[in-house]
Amino acid sequence: MIVYVNGCSFSHGHNALIERNGKLWPQHLSNNGYRVENESLSGGSSHRSLRMCMDRAMRHGQKNQEVDVIICQLSNPHRGEFFHQDLGMYINYITNRFILGEKEIEVFKQQGFTTRKDTQFFNEKGESIEDVYFHKNILWHNTVIVPEWQRQIEILALCNNLEKLCKIKGIKLLFTAMSSICVPSYHGDMTLMPYITKPMSHIIGRTGSLVESAEDNHPNEAGHYEIYKYILSELKKL
Amino acid sequence: MKIYINGCSFSAGHQGLRDRGGKAWCKLFNQDVSVINDSLNGGSSFRALRMCIENVIANDDLDVVICQLSKMERGEMFIRAEQLNHFDRDVYINYGLDGFVQDYDRYEVLDILNQEGFKRSGHGYIGEEKEVFRNDLGETLEDKFQHKIRIFNDQMMTSNNDRELHILGLCNNLKLLCKAKGVKLLFTAMDEKCIPNVKHITPYFTKPMSYIVGKQGPLVESDTDCHPNEDGHYEIYRYIISELEKL
């Protein structure tokens, strides 16, 4: 059975876990006979997950593109992504910087952003990618100009698009979320909300033996195993 | 029967038609049909969908919703009350590529903007000076409320495909709500470019209104203005009635 997964660090694995080769919940699924394609991104937005799940569902039916289950993990609604027309690619962002995958880093290196300091890249003039590619403008636009409810209903709209497409294409779909704030809600009206599993943070808690540390509530290895068991039980219900 | 309608000038009636007392298709229903028409000249699909959704949620007595989509490049912007000096409510402003669109039917626009320090020049009628609001600093309304940034974000920071999926998602939201509340729903559009087209998930849309009235000929205003005239609106009305009978 082919399972496609897209989410944020709760599905991609946070840096500390990756560095010590810790196992993620999608990897436990792989070991249980599922063929897992995991395109999650640490810091990725719900918009990215939904867009890429939609693309994946669209490709189902083409040669070598079959998929049986899509697991779409929603993330913090204040994260986002935009499409840069000139660069022809999507860029995800959080409040203080862009979130770049390997492909995006390569494109920006070609644009002269070759000096890395922590998580940011700078060009010869000392400008960061965020300076040059309007991070502040995008953030301002999406937090000040676009009201909260509008972001929520847009995410719901994209969830409902994906649900409709999966139904038509015969693909099983599971929505899950990092935490309860990632579950979209339109003024509390439940009609528009698809079924979304218990948020992952409810499974592992905010502190305790299933998270990385008191300061970092990413799931550790034991946390990922608990999430895996829960996701498996949800998959069986589909 | 109670019908809620929201669209652009093809449902509101364009200014020329209104000035001569002509009736848009929404006004041609029998008297036993109660029609609420919140359409706006220059209104966007985002506005039409938002207001349809709000009305379906708020009202339990609607029988039918007719949502008429418009040009995809049009949008809607939210202005918070705290951004205004005197007006104490949040407002929405619709916009096109070249400026904001004022909603004279729903707001006392001139009073509100006067209070905010903006005075109008021009009316924006076809062939006349463009309507512009300017304050004492010489700023236009578009300058003050960052119209250019909004257009930049829409045009340069959003893919057309994503915009289409956003509109389509809102259509599917509305469809879900209507189904849950037992309200009949009809999607229609000004012309075919207004209909988001994504295989498998696009809901049923009627024939676009511009197909019914044509781009020129006896059913439109003139060779340079393809808004439906009185005869055009009557044809649209007849077509919409036939579509409603199929629901």
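Residues numbered from 1 in each chain as written. Chains lettered and ligands numbered in written order. Predicted model: local features only at pLDDT ≥ 70, side-chain atom pairs only at ≥ 80, totals over all residues.

**Section: the interface of chain A and chain B**
Put simply, the test is: Residues are treated as contacting if the C-beta atoms built from their backbones sit within 7 Å of each other. Starting at the N terminus, helices and strands are each numbered in turn, a helix being any DSSP run of H or I of at least four residues and a strand any DSSP run of E of at least two. Polar here means any residue other than Ala, Val, Leu, Ile, Met, Phe, Trp, Tyr, Cys and Pro, which are nonpolar, and Asp, Glu, Lys and Arg, which are charged; Gly is therefore polar.
In this assembly, 25 residues from chain A lie in contact with 23 residues from chain B. Of all the elements in the fold, those that place two or more residues in the side of chain A that touches chain B are β4 (80-84), α7 (135-145) and α8 (148-169) of chain A. The greatest single-element share of the side of chain A that touches chain B, amounting to twelve residues, is contributed by α8 of chain A. In terms of residue class, the side of chain A that touches chain B is built from 13 nonpolar, eight polar and four charged.

**Notes on the confidence of the model for chain B**
The cut-off we apply is this: For every residue, the predictor assigns a confidence score, pLDDT, that lies between 0 and 100.
When pLDDT is averaged along chain B, the result is 94, and 98% of the positions lie at 70 or above. Both confidence scores are given for the complex: pTM 0.92, ipTM 0.90.

**A closer look at the environment of arginine 48 of chain A**
All names here are of chain A. Mapped onto the elements, arginine 48 comes out in helix α4 (residues 46-59). Spatially, the C-alpha atom of arginine 48 lies 27 Å from that of asparagine 123, the residues being 75 residues apart in sequence. Ignoring any residue separated from it by four or fewer positions in sequence, one finds arginine 48 in contact with Leu41, Glu81, Tyr90 and Asn92.

**Some points on the sheet that holds strand β4 (residues 75-79) of chain B**
Residue and element names in this part refer to chain B. Here is the rule: Each pair of strands is called paired provided DSSP finds at least two bridges between the two strands. Axis definition: a line fit to C-alpha positions, over the contact stretch in the case of helices; interaxial angles, taken between N-to-C directions, run 0 to 180 degrees.
What the three strands build is an open sheet, ordered β4-β5-β6; its pairing is antiparallel. Single-partner strands in this sheet number two, and they are β4 and β6 (99-101). For this sheet, the mean inter-axis angle between neighbouring strands, taken without regard to orientation, is 45°. Judged from the three bridges that link them, strand β5 (residues 91-96) and β6 form a sheet pairing that is antiparallel. Following the sheet pairing, asparagine 94 is matched in β6 by valine 101.

**As for the domain arrangement of chain B**
All names here are of chain B. Here is the rule we go by: Note that the domain bounds reflect an automated or database-derived domain assignment.
Each assigned domain of chain B is listed with its residue range as follows: domain 1 (2-73 + 160-246) and domain 2 (75-156). Centre-to-centre separation of domain 1 and domain 2, based on C-alpha positions: 24 Å. Contacts between the two partners involve ten residues from domain 1, matched on the other side by ten residues from domain 2. Per element, the largest residue contribution to the side of domain 1 that touches domain 2 is three residues, and it comes from helix α3 (residues 45-58). For the side of domain 1 that touches domain 2, the class distribution of residues is two nonpolar, four polar and four charged.

**Some remarks on the packing of α3 of chain B against helix α7 (residues 160-181) of chain B**
Residues and elements named next belong to chain B. Selection rule: Should an angle fall under 35 degrees it is called roughly parallel, over 145 degrees roughly antiparallel, and 65 to 115 degrees roughly perpendicular, with every other angle called oblique. Each crossing gets its handedness from the near helix: less than a right angle anticlockwise from the far helix is left-handed, clockwise is right-handed.
Contact pair α3 / α7: the axes reach a minimum separation of 10 Å and the direction vectors enclose 20°. Regarding the angle of α3 to α7, the classification is roughly parallel. Where α3 crosses over α7, the two elements pack in a sense that is left-handed. On α7, the residues that touch Ser45, Leu49, Cys52, Ile53, Val56 and Ile57 of α3 are Ile167, Leu170, Cys171, Asn173, Leu174, Leu177, Cys178 and Lys181. Tallied by class, residues from the contact of α3 with α7 come to eleven nonpolar, two polar and one charged.

**Points about the packing of α4 of chain A against α8 of chain A**
Residues and elements named next belong to chain A. Where α4 meets α8, the axes come as close as 10 Å, and the angle between the chain directions of the two elements is 20°. Viewed along their axes, α4 and α8 adopt a mutual orientation that is roughly parallel. Considering the relative orientation of α4 and α8, their crossing is left-handed. Contact residues: Ser46, Leu50, Cys53, Met54 and Ala57 in α4; Ile155, Leu158, Cys159, Asn161, Leu162, Leu165, Cys166 and Lys169 in α8. Here the contact of α4 with α8 is built from residues that sort into ten nonpolar, two polar and one charged.

**Quick notes on the domain arrangement of chain A**
All names here are of chain A. On domain assignment, one finds that chain A holds domain 1 (2-81 + 148-237) and domain 2 (86-145). Each of domain 1 and domain 2 has a C-alpha centre, and the two are 25 Å apart. Each partner contributes to the interface: domain 1 provides nine residues, whereas domain 2 provides ten residues. In the side of domain 1 that touches domain 2, the residues fall into one nonpolar, five polar and three charged.

**Describing the nonpolar core**
Note the cut-off: The term nonpolar core refers to a group of buried residues, namely Ala, Val, Leu, Ile, Met, Phe, Trp, Tyr and Cys, whose C-beta atoms join them within 7 Å. Residue burial is a threshold on neighbouring C-beta atoms within 10 Å of the residue's own C-beta, all placed from the backbone, with 20 or more meaning buried, 12 or fewer meaning exposed, and counts in between meaning partly exposed.
Among the nonpolar cores identified, the biggest contains 106 residues, and Ile70 and Leu162 of chain A together with Cys52, Val65 and Leu174 of chain B are the most heavily contacted of them. Those residues in contact with cysteine 52 of chain B, other than ones at most four positions away along the chain, are Tyr4, Asn6, Val65, Cys67 and Leu174 of chain B.

**Describing the sheet that holds strand β5 (residues 89-93) of chain A**
All names here are of chain A. One open sheet holds the three strands; their spatial order is β4-β5-β6, and the pairing between them is antiparallel. Strands with a single pairing partner mark the edges of an open sheet, and in this sheet they are β4 and β6 (98-99). Bridge count for β4 against β5 is five bridges, and the pairing is antiparallel. Bridge pairing links glycine 80 to tyrosine 93 in β5. Packing of α7 onto the sheet brings it into contact with β4, β5 and β6, and relative to β5 it is tilted by some 70°.

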